[in-house]
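Coordinates in review
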Amino acid sequence: MATIPVSWIVLAVVLVIALIAAVAWALSHRKKQSQRLQQRFGSEYGRAVDELGGRSKAESELKAREVRVEQLTITPLAPPDAARFTQAWNALQSRFVDDPKGVVVQADQLVRELMLKRGYPMGDFERRAADISVDHPTVVQTYRAAQAIAVRDQRGEADTEELRKAVVHYRALFDELLEVRVPKQAA
């Protein structure tokens, strides 16, 4: 009967231990990555899991969003721009009672203009919402809700209370995006 050299047994044990360690590290890394994405994206993480049918696909999509947004040049507004946008929003909001349908359309347009001014690309709605979700995950859900109401309104299915909610949702996103760059003062 042939005997297996001790050095081969030791090598096999070392390889098994290394394999176990590698698997444990990979699982730990994946768990940390999942936790990071859940913390960063909040409810958008769960939405992506539901929409894409699984955690792995959702996490790949969320990481792709991060990479895409990192390549954008998102900048805060200069104070005069912020003041102009704030004035435009206040004027828009004051017209709601007389023209709720028109104000919802204008609110969407103003939010898009603000996003464009900040440096977000203006692709389709889903791309805009995905881009917003990277840096502003707490308001992307309200943006989706506002858009859904606007679409229902285009079909004549939204009442005035829903239109009011849409404007409130757009306002939440508007406020979140209204970051101002404070000019550096000479010393």
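What comes next is a walk through the structure.

This brings us to the side chain of Arg-118. Secondary-structure assignment places Arg-118 in helix 5 (residues 100-118). On the accessibility criterion, Arg-118 (3% relative accessible area) is buried. Among the polar contacts listed, one links the side chain of Arg-118 to the backbone oxygen of Thr-75, at a separation of 2.5 Å.

Once that is clear, we can look at the side chain of Thr-142. Following the sequence through the fold, Thr-142 ends up in helix 7 (residues 137-154). Only 2.7 Å separates the side chain of Thr-142 from the backbone oxygen of Val-139, close enough to count as a polar contact. Setting aside its immediate chain neighbours within four residues, Thr-142 contacts His-169 and Ala-172.

Moving on to helix 7. Taking 1.5 Å per residue as the helical rise, helix 7 with its 18 residues ought to reach 26 Å, and the 26 Å between its terminal C-alpha atoms agrees with that figure. Among the residues making up helix 7, those that are buried are Pro-137, Val-139, Val-140, Thr-142, Tyr-143, Arg-144, Ala-146, Gln-147, Ile-149, Ala-150 and Asp-153. The secondary structure elements touched by the buried residues of helix 7 are helix 1 (6-41), helix 2 (43-52), helix 3 (55-70), helix 5, helix 6 (125-135) and helix 8 (160-177). Taken from the residues just after helix 7, Gly-156 is the one with a positive phi, measuring 75°.

A few words now on the nonpolar core. Ranked by internal contacts, the top residues of the largest apolar core, which has 32 residues, are Trp-89, Tyr-143, Tyr-170 and Phe-174. Where this core is concerned, the elements lending two or more residues are helix 4 (79-94), helix 5, helix 6, helix 7 and helix 8. Judged by nonpolar contacts, the second largest core, of 8 residues, contains Phe-41, Tyr-45, Leu-62 and Val-69.

Turning our attention to helix 3. With 16 residues, helix 3 should cover 22 Å at 1.5 Å per step; its first-to-last C-alpha distance of 22 Å lies within 8% of that length. By the burial criterion, the buried members of helix 3 are Ala-58, Glu-59, Leu-62, Arg-65, Glu-66 and Val-69. On an axial view of helix 3, the arc spanned by its buried residues comes to 115°, and they lie on one face. Tucked into the core, helix 3 has its buried residues touching helix 1, helix 2, helix 6 and helix 7.

A separate point is the packing of helix 4 against helix 8. Axis separation between helix 4 and helix 8 bottoms out at 12 Å; the angle between their running directions is 170°. Overall, the two elements helix 4 and helix 8 adopt an arrangement that is roughly antiparallel. Of helix 8, the residues touching helix 4 (which contributes Phe-85, Thr-86, Trp-89, Asn-90 and Gln-93) are Val-167, Tyr-170, Arg-171 and Phe-174. Grouping the constituent residues of the contact of helix 4 with helix 8 by class yields 5 nonpolar, 3 polar and 1 charged.

Let's shift gears to the environment of Pro-121. With respect to the helices and strands, the residue Pro-121 is situated in the loop between helix 5 and helix 6. With 10 residues separating them in the primary sequence, Pro-121 and Asp-131 have C-alpha atoms 8.5 Å apart. With sequence-adjacent residues up to four places away left out, Pro-121 is seen in contact with Leu-72, Arg-128 and Asp-131.

Under the defined criterion, the tally for this structure stands at 3 aromatic pairs. Clustering of aromatic rings is evident, with ring pairs tying together Phe-125, Tyr-143 and Tyr-170. Over the aromatic face of Phe-85 sits the side chain of Arg-84, whose NZ or CZ is 4.5 Å from the ring centroid.

So, how was this worked out
Residues numbered from 1 in each chain as written. Predicted model: local features only at pLDDT ≥ 70, side-chain atom pairs only at ≥ 80, totals over all residues. Heavy atoms only, no water. Helix = DSSP H or I, 4+ residues; strand = E, 2+ residues; numbered from the N terminus. Buried < 20%, exposed > 50% of the residue type's maximum accessible area, 1.4 Å probe, protein only. Polar contact = N/O pair within 3.5 Å; in protein donor to acceptor, adjacent residues only side chain to side chain. Contact = heavy atoms within 4.5 Å. Expected span 1.5 Å × (residues − 1). Core = buried A, V, L, I, M, F, W, Y, C linked by side-chain atoms within 4.5 Å. Arc of directions from axis to C-beta. Axes fitted to C-alpha atoms, helices over the stretch in contact; angles between N-to-C directions. Parallel < 35°, antiparallel > 145°, perpendicular 65-115°, else oblique. Nonpolar A, V, L, I, M, F, W, Y, C, P; charged D, E, K, R; others polar. Phe/Tyr/Trp six-rings, centres within 6.5 Å; stacked < 30°, edge-to-face > 60°. Lys NZ or Arg CZ within 6 Å of the ring centre and 35° of its normal.

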